[in-house]
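If you want the building blocks of each chain, they are given just below.
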Amino acid sequence: MKLVMLWTDMLVWGLVIALLLWSWVISHNPQVKKIWHTIFKSSIAMASSVVLLFYLLFTLLDSIHLRLALPLESQKSQVVEYEVEMVSLLDLIFEHNIQNTERTYSAPFATAEYASSIVVDDEGITKQVYLPLKYVSTKDDFMKESLLALGIGLMLSLLIVAIHIWWRERSRFILACQEIWRGESDLAWRTAYGTFILLVVTFTWLYMLSYSYHVLGTDKVGGDVLYQSFKSIRTGVLIGILTTVIMLPVAVILGVSAGLFGGWVDDVIQYLYTTLSSIPGVLLIAAGVLSMQVMMDNNPTWFETTLERSDLRLLFLILILGITSWTGLCRVLRAETLKISQMEFVTAAKAFGVSKLTIIRRHIVPNLMHIILISVVLDFSGLVLAEAVLSYVGVGVDPTMHSWGNMINQARLEMAREPMVWWSLFSAFVFMFILVLAANLFSDRIQRVLDPRNKV
Amino acid sequence: MLAYIIRRLLYAIPILIGVNLITFMLFFMVNSPDDMARAQLGAKQVTPELIASWKEERGYDKPLFINTKAEGFAQVSDTLFVHESLKLFSFDFGFSDSNRNIGADIKERMMPSFSIALPTFMIALITNISLALLLVLFRGSMLDTSMMIVAVMIMSVSGLFYIIAGQVLFSKIWHWVPISGYESGWDGVKFIILPVMIGVFAGIGSGVRWYRSIFLEQINQDYVRTARAKGLSEIKVLFGHVLRNGMLPILTGVVVIIPSLFMGSLIMESFFGIPGLGSYTIDAINSQDFAIVKAMVFLGSVLYIIGLILTDISYTLFDPRVKL
Amino acid sequence: MKMIIQNVFLFMMVLFPLHSGVWNNPHSEEKSASNTLFTSFSLSPKRLDPVVSYNANEWAFIGQIYEPPLQYNYLQRPYKLEPLTLTQMPTIRYLDKERQEVDENDERVVYSEYRLELRKDIRYQDHPAFVKDAKDHLLYASLSEEALEKIESLDDFGQKTTRHLLAEDYAYAIKRMGVRQNHSPILDSMQTYIVGLKTFSDDITKVAKEKKSEGEVLDLRAYDISGVKILGDTTLVIEINGKYPQFLYWLTMNFFAPIPWEADLFYQQKGLVSKNLTLNWYPVGTGAYYLAENNPNKQMRLVKNPNFHDETYPASDHEDAEKKLPFIDEVIYSLEKESIPLWNKFLQGYYDASGISSEAFDQAVQISSSGTMGLSEEMQEKDISLIGSVQPSTFYLAFNMVDPIVGGYTESSKKLRQAISIAIDQEEYISIFMNERGMAAQSAIPPGIFGYEEGKKGANTVVYDWVDGKHVRRSLAFAKQLLAEAGYPNGISTKTGKPLKLHYDTAATGPDNRALMDWYRKQFDTLGIQLVIRATDYNRFQDKVRKGKTQLFSWGWNADYPDPENFLFLLYGANASVDTNGAGINSSNYKNPAFDKLFEKMKTMKNTPQRMDIIRQMLKISREDAPWVWGIHPKSLALSHAWYRNVIPHAMANNTLKYKRIDAALRIKKQKEWNQPVVTPLIIIALLVLLMIFSLRRIYRNRQNRVICQEQGAC
């Protein structure tokens, strides 16, 4: 076994480390800590952040890629050879689903194929029958299995919750439990734990049953939709997070310098973003994606496997989305910087001869933090949704990559079938909806706390 | 005022040159003229001679930026970029790769786009504002909170899903409207009902939230409190003061997009088979018709800049404090 | 409350009369009731110039408008040619170097001469280009600026007239083909056949360039091709280099449709070009229909040509036999890019015919107990009929024969290709991706073309065994054994010890492609071969194939004409892409001298048993070399409503519209029956809205009262 890092893996892990560092830093700043405290007082914010963390967990699981060693008997040399295709931890978890591909469509929990096929029986008579599925076992009772799964899920989640409470409030464990149960804790822990338990139980149920059934059905070539939906999480989350992360430094640097320095710097930066933002977004993205494809075609040595190829394409897509989406934030930041730099404390600092860099660090950036934060969470959901539309136009992620956009796109054709094949669309819809809803609710809360205009 | 507008228009020129440069670079990176020729001449039996003559006819055999064969100034001016850009600035979009006059096509396709986009825009504006006012009226109540959650939910669904569901429900199952198509004039109403409704509904979530936040900001101002203290009914306060004073921030957001309505909606038009500029653009992207894409990018930028100027003008009209 | 109910009623009253009958008819009621055919097109035609267009979707229009000298008989199978604008089939004379007539099979044959005798009763559609003034000059050939300003469409010309078809019109069309600036796709191949076309083309291209730079019009009447002679008004003679029996098939294609010189001059006027009024967009033909409206963005409309010559339905026992064509007065083509709306509109009765997309297949087709395909009950209830036919097309997966791994002619490379050919289960492909609408190919030649053989004789013994009267794919074990013999036991190369990795190029853009790619990967996986998929856009894909930069790729070929030469030349060594700078169509770059020699012999032969023998040998060679995984011949299924009649699939002919018939009364009746709007949800929604308004009003009042009493401190 060999660990392999794809480009996007590195970025996402880098980001996670950066986030951890950042949270460590702000945990020492009482003012910022207080703001976050206020945010998490709301039970909606708590619940949605638990959901977001859950999605992030799957992203991270899917961002550790391995190359498995080839079985030894087929090798002549003693040197261990590795498989060309790589698998992620998530693939290992769902290995049974990858292996057990059916022939074609089957509905959730079905035991036979969705469409009938022609079969010639022993007597030479042609018939139309619903072929049974190959990898569905009905030997255990459905209810019994479900109950078992639910029980295990409940136990597991309660255990984790208990450990977490104990870790937080070692000294007064029982008391804390009571507080949380009654909803009297300072933060909305009750909702958080509730959401957590719900998610874990649902996941265990889906996962345990996926050994005996295709829980969310299968697609046209018999691939398991549940697995696809989970694989798509990484694509969606990556596009949502990395895009904003990539465009953030550009937007902040250009926005702040335009607002602070003025003069020709301001003119150039304004020209730059007015030009970029005056081009209809989709056209710019389409042009970017098309030229990126050319670049990749001309350099087939950049990647070895399909996975690496689609990963590179994802990376480029993220870059292009980043390039096209920094202008809005930049404009806002420039205006805000302009406002702040004319305030008394900044002019005073200038008069004292404090260096510009220090002014930026001490006075300007901290006061822009709330705008940046709001735009990051707001953009996140927009980008996840945009992925679907871009796939429709044909400039989205690689067609071999699992993504909700690709699923919806395919489902459009399936909806026209009669009877309708609804489960792909349904799964993509539910998985996507939960993520975007959580992100939107979270950003709503952040906005309400941070943005003074939103106080009712 | 006039001087200001002229200044703004002059300022638009370098922006448009920049826009041209960007699209030009991107598309010639994507497509060598050979590729374009091949795509346009069809899949079967394309010979190098054919490609050469096609390129020559269109002037695509010129170098992109610097003509090393030419002398003096012509080194820069006798290039593909300068030739193509100059034509654009006189709004001569030339011919598409399928030999149609793009200008004539755009003129023809503007109306269908507009006849979807304008009703969507107007109805959305009215519904969103009235719903937002309603929510502000009942602010803090259960109705307000639950509606806000519904709004977030509406926002969280991909627009593609609304279109698919709408077509299945209203056209396929209930037979209310034709599934897709377009007709100009009054006969066309039956075609535009569904796309307009879907367009309005998909935008209702974010729209209502935005207007609501604008109105809430107004309602906490002193003058509103005074008005209420005078004993004006809540509805009168809303319409007389909150709505009127909320107009200014609304204008900033809204006027900018009015000219761009002509550009149409890419997804909506291609799903509903509307022969507007949106589907024109999608087709051009798919068939890599550089001439059309360039024309559309240019047009989009021009309309956007007009929108910016209009916003500034409307500021002065509605807010006497602002002087240009 | 009473008032509200009244309002609901008023609302309903207003709404209902607006739409009498059905609400969702995308066409006008009036047109639906008339003798009009409603059909669709999914790709906007790019050029309707007969000499340029080489696209099935454009030919669907052009075929109805222009008339080349010959056509295919609508009813007879195998495909048979018959005269269209000629009095009889062309007479052929074989000439030697001195242009003396010799016997057909004589060694000395250098030229063959085709003599075409035109019918005298054929007239063009009415068109302003033909209008002449009192002095016999063309009235609209050189319009002034002011006159042009008033013109937006062809209807803005005051007068229109017609004229008879002349032999020189056919000659004019061939001359137009010679002008390089017109981009005729067949010019280069025709130059090798038509005597004098090459020199003519070189000269006229220069002339055309000069004329264009000087802004003059080009009148091709002044120039002549040595091999195309006009003998009087109705006789045309075309000289061909050597023997080329397939030339007759070319004479059914639009490239050889007549172009009146008046129209060419008319449309060369600059002012018209800028208004999209060109020969490319407004054809002038002698066919059964003329193009009345051309809006490629929305709809195209063909209307019956009042000047159409006498032509009758082919003799048969059909009720319409010997009746005058055409039957339908008007055809409306609407743009439908998406398959889903198209299918739904067909089911609602708003399109008269439809193909079956794979999504709709289950809904439309059932396999009956006897194994034949039949319509599902739902379709039978609607009286829809199903027409199926195997297309004369081949879709194949090609190996690039110049590639160092999969290419080459050594025993081991052959075995590698054969192993892959067996492992790719085309039958499964057909069942998953094509809903059984296709047949696994045994060679390059599809059914319906001379050289195709049914049953055991036509079996590809490399891939199939013949068991109990059926083709049975050889076992995977056998394929694995072949692979081991080729030097890759279990997919691991014996030389390097590394797993074999192959690259598959595709122009994957559609949403369906992921499943397809997964499937391909699975097929190669059964042999232990890793398949790397390289998806690009179509342009780049083509470019790669042309330059031979691929390993594996899928491609297809549709017959131009029903002759084996049209398929086997895809494997002819001299056509190899890499050697011909991308111009050749042998994209797998297959080159086997034995095969090539047989091909050269077979090419000019008539369909005799000897020819069959040669073809058999060729197929055997190619099967063993396996430059292609032979792939699939698609089967096309089409549905049509009960009111649409005389629909007979013909894979070669494009001008079949004139034979078809519509029963509009039945159509309007069925449309009403199928499309009654469901009103209940509308009423429920209206009631809900009213209820909401009502309750909101109450809540508001309560609130207002509460606020007031709070302020007064009363409660």
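None of these values were measured; they are calculated from a predicted model.

**With respect to the sheet that holds strand β3 (residues 87–88) of chain A**
Remark on secondary structure: sheet strands pair via backbone hydrogen bonds, oriented parallel or antiparallel.
Turning to step 1, where the next piece is worked out: Read from one edge of the open sheet, three strands run β1-β2-β3 (chain A), paired in antiparallel fashion. Each end of this open sheet is capped by a strand with a single partner; those strands are β1 (2–4) and β3 of chain A.

**Details of the interface of chain B and chain A**
Turning to step 1, where the next piece is worked out: Every contact between the two is made by 44 residues of chain B and, on the other side, 44 residues of chain A.
Turning to step 2, where the next piece is worked out: Both sides together, the interface formed by chain B and chain A hides about 3,900 Å², and carbon and sulfur atoms give 75% of it.
Turning to step 3, where the next piece is worked out: At the surface where chain B touches chain A, the tally comes to one salt bridge.
Turning to step 4, where the next piece is worked out: With a shortest N-O distance of 2.8 Å, Asp444 of chain A and Arg209 of chain B are connected by a salt bridge.

**A look at the pattern of salt bridges**
Turning to step 1, where the next piece is worked out: What the rule picks out here adds up to 55 salt bridges over all chains.
Turning to step 2, where the next piece is worked out: Measuring nitrogen to oxygen at the nearest pair gives 3.5 Å for the salt bridge that ties Glu330 of chain C to Lys31 of chain C. In this pair, Glu330 of chain C sits in strand β11 (residues 330–335) while Lys31 of chain C sits in helix α2 (residues 29–32), placing the two residues 299 residues apart along the sequence.
Turning to step 3, where the next piece is worked out: On the accessibility criterion, Lys31 of chain C (28% relative accessible area) is partly exposed.
Turning to step 4, where the next piece is worked out: For Glu239 of chain C, the salt bridge is made with Lys229 of chain C, and the minimal N-O distance between the two is 3.2 Å. Linking Glu239 of chain C in strand β8 (residues 235–241) with Lys229 of chain C in strand β7 (residues 228–231), this pair joins segments that are ten residues apart in sequence.
Turning to step 5, where the next piece is worked out: Overall, the relative accessible area of 1% leaves Glu239 of chain C in the buried class.
Turning to step 6, where the next piece is worked out: Here the salt bridges share partners, and the residues they tie into one network are Arg168, Glu169, Arg172 and Glu179 of chain A.

**Let's talk about the packing of helix α14 (residues 356–393) of chain A against helix α16 (residues 423–450) of chain A**
When two helices pack together, their arrangement is captured by the angle between the axes and the distance separating the axes.
Residue and element names in this part refer to chain A.
Turning to step 1, where the next piece is worked out: Interaxial distance between α14 and α16 falls to 9 Å at its minimum, and their mutual angle equals 160°. Viewed along their axes, α14 and α16 adopt a mutual orientation that is roughly antiparallel. Like other packed secondary-structure pairs, α14 and α16 cross with a definite hand, here left-handed. For the pair formed by α14 and α16, the contact residues are His370, Leu373, Ile374, Val377, Leu378, Phe380, Ser381, Val384, Leu385 and Ala388 on the first element and Met432, Leu435, Val436, Ala439, Asn440, Phe442, Ser443, Ile446, Gln447 and Leu450 on the second.
Turning to step 2, where the next piece is worked out: By residue class, the composition of the contact of α14 with α16 is 15 nonpolar, five polar and no charged.

**Here's the deal with the interface of chain B and chain C**
Turning to step 1, where the next piece is worked out: Of the residues lining the interface, 58 residues belong to chain B; the matching set on chain C comes to 59 residues.
Turning to step 2, where the next piece is worked out: Taken over both partners, the interface formed by chain B and chain C buries close to 5,400 Å², and the fraction arising from carbon and sulfur atoms is 50%.
Turning to step 3, where the next piece is worked out: At the junction of chain B and chain C, the tally comes to one salt bridge.
Turning to step 4, where the next piece is worked out: The salt bridge involving Lys298 of chain C is made with Glu183 of chain B; its shortest N-O contact spans 3.9 Å.
Turning to step 5, where the next piece is worked out: Taken together, the connections running from chain B to chain C amount to seven residue pairs in polar contact (both at pLDDT 80 or more).
Turning to step 6, where the next piece is worked out: Going through the elements one at a time, α2 (33–41), α3 (48–58), α6 (102–137), α8 (159–173), α9 (189–219), α11 (234–255) and α12 (266–271) of chain B are the ones with two or more residues in the side of chain B that touches chain C.
Turning to step 7, where the next piece is worked out: Of the residues in the side of chain B that touches chain C, the class split is 25 nonpolar, 16 polar and 17 charged.

**A closer look at the domain arrangement of chain C**
Residue and element names in this part refer to chain C.
Turning to step 1, where the next piece is worked out: By the assigned domains, chain C splits into domain 1 (2–21 + 678–712), domain 2 (42–285) and domain 3 (393–636).
Turning to step 2, where the next piece is worked out: Taken together, the contact between domain 2 and domain 3 spans twelve residues of the former and eleven residues of the latter.
Turning to step 3, where the next piece is worked out: Around 980 Å² of area is buried between domain 2 and domain 3 when both sides are counted, 54% of it from carbon and sulfur atoms.
Turning to step 4, where the next piece is worked out: In this structure, the connection of domain 2 to domain 3 is made through one salt bridge.
Turning to step 5, where the next piece is worked out: Glu104 is paired through a salt bridge with Lys606; the nearest N and O atoms lie 2.8 Å apart.
Turning to step 6, where the next piece is worked out: Between the two partners, domain 2 and domain 3, sit four residue pairs in polar contact (both at pLDDT 80 or more).

**Observations regarding the confidence of the model for chain A**
Turning to step 1, where the next piece is worked out: Confidence in the prediction of chain A, expressed as mean pLDDT, is 83, and 93% of residues score 70 or more.
Turning to step 2, where the next piece is worked out: Ranking the elements of chain A by mean pLDDT puts strand β4 (residues 117–120) of chain A last, at 68, and helix α3 (residues 43–61) of chain A first, at 92.

**Some points on the sheet that holds strand β1 (residues 36–41) of chain C**
All names here are of chain C.
Turning to step 1, where the next piece is worked out: Taken in spatial order, the four strands of this open sheet run β1-β11-β10-β9, and their pairing is mixed. In this open sheet, the two strands that pair with only one neighbour each are β1 and β9 (289–295). Neighbour to neighbour, the strand axes of the sheet diverge by 20° on average, direction disregarded.
Turning to step 2, where the next piece is worked out: Across five bridges, the pairing between strand β10 (residues 299–304) and β11 is antiparallel. Bridging from a neighbouring strand, Gln299 pairs with Ser334 of β11.

**So, the side chain of Asp264 of chain C**
Turning to step 1, where the next piece is worked out: Structurally, Asp264 of chain C can be placed in helix α9 (residues 261–267).
Turning to step 2, where the next piece is worked out: When near neighbours in sequence (up to four residues on either side) are disregarded, Asp264 of chain C contacts Tyr172, Arg176 and Leu218 of chain C.

**Observations regarding unusual backbone geometry**
Residue and element names in this part refer to chain C.
Turning to step 1, where the next piece is worked out: A cis geometry characterises the amide bond from Arg77 onward to Pro78, with omega recorded as -5°.
Turning to step 2, where the next piece is worked out: Examined against the element boundaries, Pro78 turns out to sit in the loop between β2 (70–72) and β3 (81–83).
Turning to step 3, where the next piece is worked out: Residues Leu325 and Pro326 are joined by a peptide bond in cis, for which omega reads -10°.
Turning to step 4, where the next piece is worked out: By secondary structure assignment, the location of Pro326 is in the loop between β10 and β11.
Turning to step 5, where the next piece is worked out: With phi around 60°, Asn646 is a residue other than glycine that occupies positive phi space.
Turning to step 6, where the next piece is worked out: Relative to the helices and strands, Asn646 is located in the loop between β24 (644–645) and β25 (661–662).
Turning to step 7, where the next piece is worked out: When its relative accessible area of 9% is taken as the criterion, Asn646 is described as buried.

Calculation rules
- Residues numbered from 1 in each chain as written.
- Chains lettered and ligands numbered in written order.
- Predicted model: local features only at pLDDT ≥ 70, side-chain atom pairs only at ≥ 80, totals over all residues.
- Heavy atoms only, no water.
- Pairing = 2+ DSSP bridges.
- Helix = DSSP H or I, 4+ residues; strand = E, 2+ residues; numbered from the N terminus.
- Contact = heavy atoms within 4.5 Å.
- Buried area = accessible area lost by both parts, 1.4 Å probe.
- Salt bridge = Lys/Arg side-chain N within 4 Å of Asp/Glu carboxyl O.
- Buried < 20%, exposed > 50% of the residue type's maximum accessible area, 1.4 Å probe, protein only.
- Axes fitted to C-alpha atoms, helices over the stretch in contact; angles between N-to-C directions.
- Parallel < 35°, antiparallel > 145°, perpendicular 65-115°, else oblique.
- Left-handed = near helix turned anticlockwise from the far one by under 90°.
- Nonpolar A, V, L, I, M, F, W, Y, C, P; charged D, E, K, R; others polar.
- Polar contact = N/O pair within 3.5 Å; in protein donor to acceptor, adjacent residues only side chain to side chain.
- Domains from an automatic or database assignment.
- pLDDT = per-residue confidence, 0-100.

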